[in-house]
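Take a look at the letters that make up each chain.
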Amino acid sequence: MTALTVTGARLDDAVVGLRAVDGTITELGPGVASQAGDEHLDARGMAICPGLVNGHTHAAMTLLRGYGGDLPLMEWLQTRIWPAEAKLTGEDVYWGTRLACLEMIRSGTTRFWDMYWHQHDVARAVLDAGIRSTVGQPILEFDGAPEGARPQDASEGLARLRDEFGSRITGSLSPHAIYTVSEDALRLVADLSAAHDAPIHIHLAETRQEVTDCVAAHGCRPVEYLDRLGALHERTIIAHGVWLEPDELALVAERGATIVTNPSSNMKLAVGRAFPYPHARDAGVAIGLGTDGAASNNALDLLAEIKALALLQKHASGDPAMLPAPDAWDIVTGRHAPALGATPLEVGEPCDFLLVDMERPELVPAPFLDAAVYSGAGPSVDTVVVDGRVLMRDRHVEGVPEVLARVRETAERVRR
Ligand SMILES: [Zn+2]
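Counting starts from 1 at the beginning of each chain's written sequence and moves along it residue by residue. This being a predicted model, a pLDDT of at least 70 is required before a residue's local features are given, and a value of 80 or more before pairs of side-chain atoms are given or counted; all residues contribute to the totals for chains, interfaces and linings. To get the side-chain values, all heavy atoms of the structure are used, and hydrogens and water are removed first.

Quick notes on the overall build of the protein
For the protein, the helix and strand inventory stands at 14 helices and 18 strands. We take the radius of gyration over the C-alpha atoms and set the globule estimate at 2.2 Å times the residue count to the 0.38 power. Radius of gyration (C-alpha) of the protein: 21 Å, near the 22 Å computed for a compact globule of 416 residues. Summarising its shape, the C-alpha atoms of the protein cover approximately 65 × 45 × 40 Å along the three principal directions. Residue burial is assigned from relative accessible area. The probe radius is 1.4 Å, only protein chains are included, and a residue is buried under 20% of its type maximum, exposed over 50%, and partly exposed in between. Burial statistics for the protein: of 416 residues in total, 57% are counted as buried. Numbering of helices and strands starts at the N terminus; helices are DSSP runs of H or I of at least 4 residues and strands are runs of E of at least 2.

In structure tokens form, the structure reads like this:
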């Protein structure tokens, strides 16, 4: 048996402790005491809170961070990203993902949704880093697409993820987008999603051009198109949704699908408008937050991202009361979108949590939620625990020099 005890932490207005045995929270509240043999964390001066959930990223794109910056989306993909990605091996992806996990741990993310090549190497990296992920091999149809990119390959990939990687890793079907995957392939994805009870993770309505092209090719807008193919349901995770209209958002809500918004990536790639959060909220859509890949953000810091989202929505609506801190906090912790699989901070749940250092000057003397959303950033997080295992304490994470060296080596080769 291994046990972990936390004492002296702030939760809302109380001082609490937490005890976990073999990775499950057994006690949470005032008066929890450390027992002989427990690993003990003294959390005086710190707030305890759930881990953050990154609902959309391409972790190994850390390898391409800063490569082809300041280009329009399609030119950036076609002239820089796709040619560079074609050179990546599974081992490269492993180290790129390790760097992403390191950055995510150091900014409080305990679970992320990934879409990237060599999904089993991604899974291996996540397992070694100690956090949680739903990984997905992109399904893409073009000449010279990498091995494993066909929807027919997905069943085998999902089975291997389930059998080899344990409970911290799950799999998804990840058709890249409606403009890179055919109608037949999307129908097959919908069938496989039903057969495996697996999520569908897809980019949708990121640019105005995508919507125009969809209407020209299929006679309807993107959400209706997905719905027609049977690919819009409670297991569907839509990344972006920037150009969705109110009637499409109503259908997304009716089907129980989730939208993950990525404000920094959208602004960096200049997609032309803000995600229509007020309409999505009014329609009752489940909303998550993502960073997107490090090539288009360029950081994976969700505390920076939630501030970007809150400010963008206030600015775009002309309403300072839009997306207040408690609602923003629900989004960044994954509570607003249950399909993202966040771990609640409750007795009986897996032991995942953060300790935020409330003695940091940028957080004093604000109340926790205000501090976390508006003046916090990754470095405000002191301690990260996943599955009862301390992954960062006093901002120290194991194995950093090797990860940095391997990534530098790979990046230099790939960009040459
Ligand atoms: Zn993306």
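Overview of the coordination of the zinc ion
At the metal site, the zinc ion is ligated by His-56 (NE2), His-58 (NE2), His-203 (NE2) and Asp-292 (OD), and these contacts range over 2.1 to 2.3 Å. We call an atom a donor if it is N, O or S and sits within 2.8 Å of the metal, or 3.2 Å for Na, K and Ca. Water is not counted, so some sites may look partial. When four donors show all angles between 85 and 135 degrees the site is tetrahedral, when four or six donors have opposite pairs over 155 degrees and all other angles between 65 and 115 it is square planar or octahedral respectively, and in every other case it is irregular. Geometry at the zinc ion is irregular, judged from its four donor atoms and the angles of 86 to 172° they form at the metal. Each donor residue of the zinc ion belongs to the same chain, and together they define the spacing H-x1-H-x144-H-x88-D. With a relative accessible area of 0%, His-56 lands in the buried category.

Side note on the packing of aromatic side chains
For this analysis, a ring pair means two rings from Phe, Tyr or Trp (six-membered ring only for Trp) whose centres lie within 6.5 Å, classed as stacked if their planes differ by under 30 degrees, edge-to-face if by over 60, and tilted for the remaining angles. Using the criterion set out here, one finds two aromatic pairs in the structure. With a centroid separation of 5.0 Å and 85° between ring planes, the pair formed by Tyr-94 and Trp-95 is classed as edge-to-face. Judged by its relative accessible area of 5%, Tyr-94 falls in the buried class. Between Trp-329 and Phe-368, the ring centres sit 5.3 Å apart and the planes meet at 90°, which makes this aromatic pair edge-to-face. Within this pair, whereas Trp-329 is found in helix α12 (residues 325–332), its partner Phe-368 is found in helix α13 (residues 368–375), the two being separated by 39 residues in sequence.

Quick look at the nonpolar core
In plain words, nonpolar cores are sets of buried Ala, Val, Leu, Ile, Met, Phe, Trp, Tyr and Cys residues tied together by side-chain atoms within 4.5 Å. Core analysis: the biggest nonpolar cluster contains 112 residues, and Leu-64 and Tyr-116 have the highest contact counts within it. The dominant element in this core, judged by the number of residues it contributes, is helix α2 (residues 90–105), at nine residues. For each domain, the first and last residues come from an automatic or database assignment. In this structure, this core is formed jointly by two domains, domain 1 (3–50 + 343–392) and domain 2 (52–340), each of which donates at least three residues. Here, two residues are considered to be in contact whenever any of their heavy atoms come within 4.5 Å of each other. Once residues lying within four places of it in the same chain are set aside, the contact partners of Tyr-116 are His-58, Ala-60, Met-61, Leu-64, Glu-85, Leu-88, Val-93, Val-122, Gly-136, Gln-137 and Pro-138. Counting 16 residues, the second largest nonpolar core, distinct from the first, contains Leu-4, Ala-20, Met-46 and Phe-353.

Re the pairing of strand β15 (residues 286–289)
Neither face of β15 is open: one carries Ala-286 and Gly-288, the other Ile-287 and Leu-289, and all of them are buried. We treat two strands as partners when DSSP finds at least two bridges between them. When strand β14 (residues 258–261) meets β15, the two strands line up parallel, connected through four bridges. The partner of Val-260 across the bridge, within β15, is Gly-288.

Digging into the sheet that holds strand β12 (residues 200–204)
The strand order across the open sheet formed by four strands is β12-β13-β14-β15, and the pairing between neighbours is parallel. Both edges of this open sheet fall to β12 and β15, since each of them pairs with a single strand only. Direction aside, the axes of adjacent strands within the sheet are offset by 30° on average. Examined bridge by bridge, strand β13 (residues 236–240) and β14 share three bridges and lie parallel to one another. Counted as the bridge partner of Ala-239 is Val-260 from β14. Here the axes come from fitting lines to C-alpha atoms, over the contacting stretch only for helices, and the angles between their N-to-C directions go from 0 to 180 degrees.

Remarks on the pattern of salt bridges
Whenever a carboxyl oxygen of Asp or Glu lies within 4 Å of a side-chain nitrogen of Lys or Arg, that contact is scored as a salt bridge. Using the criterion set out here, one finds 24 salt bridges in the structure. We note a salt bridge from Asp-387 to Arg-132, for which the minimum N-O separation is 3.1 Å. With Asp-387 in the loop between β17 (381–386) and β18 (389–392) and Arg-132 in strand β8 (residues 132–135), the pair connects residues that are 255 residues apart, well separated along the chain. Here Glu-234 ties to Arg-235 by a salt bridge, and the two come within 3.5 Å at their closest N and O atoms.

A short note on the domain arrangement of the protein
Each domain of the protein was delimited in the assignment, giving domain 1 (3–50 + 343–392) and domain 2 (52–340). Each of domain 1 and domain 2 has a C-alpha centre, and these two points are 29 Å apart. If you look at the interface, domain 1 gives 24 residues, while domain 2 gives 27 residues. By buried area we mean the combined loss of accessible area, with a 1.4 Å probe, across both parts when two parts are placed together. Buried surface at the junction of domain 1 and domain 2, summed over both partners, amounts to about 1900 Å²; 67% is from carbon and sulfur atoms. Remark: the boundary between domain 1 and domain 2 carries two salt bridges. Here a polar contact means two N or O atoms within 3.5 Å. Within protein one must be a hydrogen donor candidate and the other an acceptor candidate, and residues neighboring in sequence count only if both atoms are side-chain atoms. Taken together, the connections running from domain 1 to domain 2 amount to five residue pairs in polar contact (both at pLDDT 80 or more). If you list the elements that add at least two residues to the side of domain 1 that touches domain 2, you get α13, β17 and β18. In terms of residue count, α13 provides more of the side of domain 1 that touches domain 2 than any other element does, six residues in total. Only Asp, Glu, Lys and Arg are considered charged in this grouping, and only Ala, Val, Leu, Ile, Met, Phe, Trp, Tyr, Cys and Pro are considered nonpolar; every other residue, Gly among them, is considered polar. In terms of residue class, the side of domain 1 that touches domain 2 is made up of 17 nonpolar, three polar and four charged.

Description of unusual backbone geometry
Cis peptide bonds are those with omega within 30 degrees of zero, and the linkage from Asn-297 to Asn-298 qualifies with 10°. In this fold, Asn-298 is placed in the loop between β15 and α11 (302–317). A positive phi angle, near 90°, is found at His-240, a position not held by glycine. Inspection of the secondary structure puts His-240 in strand β13. With a relative accessible area of 0%, His-240 lands in the buried category. Within the chain, Asp-292 stands out as a residue other than glycine whose phi angle is a positive 65°. In this fold, Asp-292 is placed in the loop between β15 and α11.

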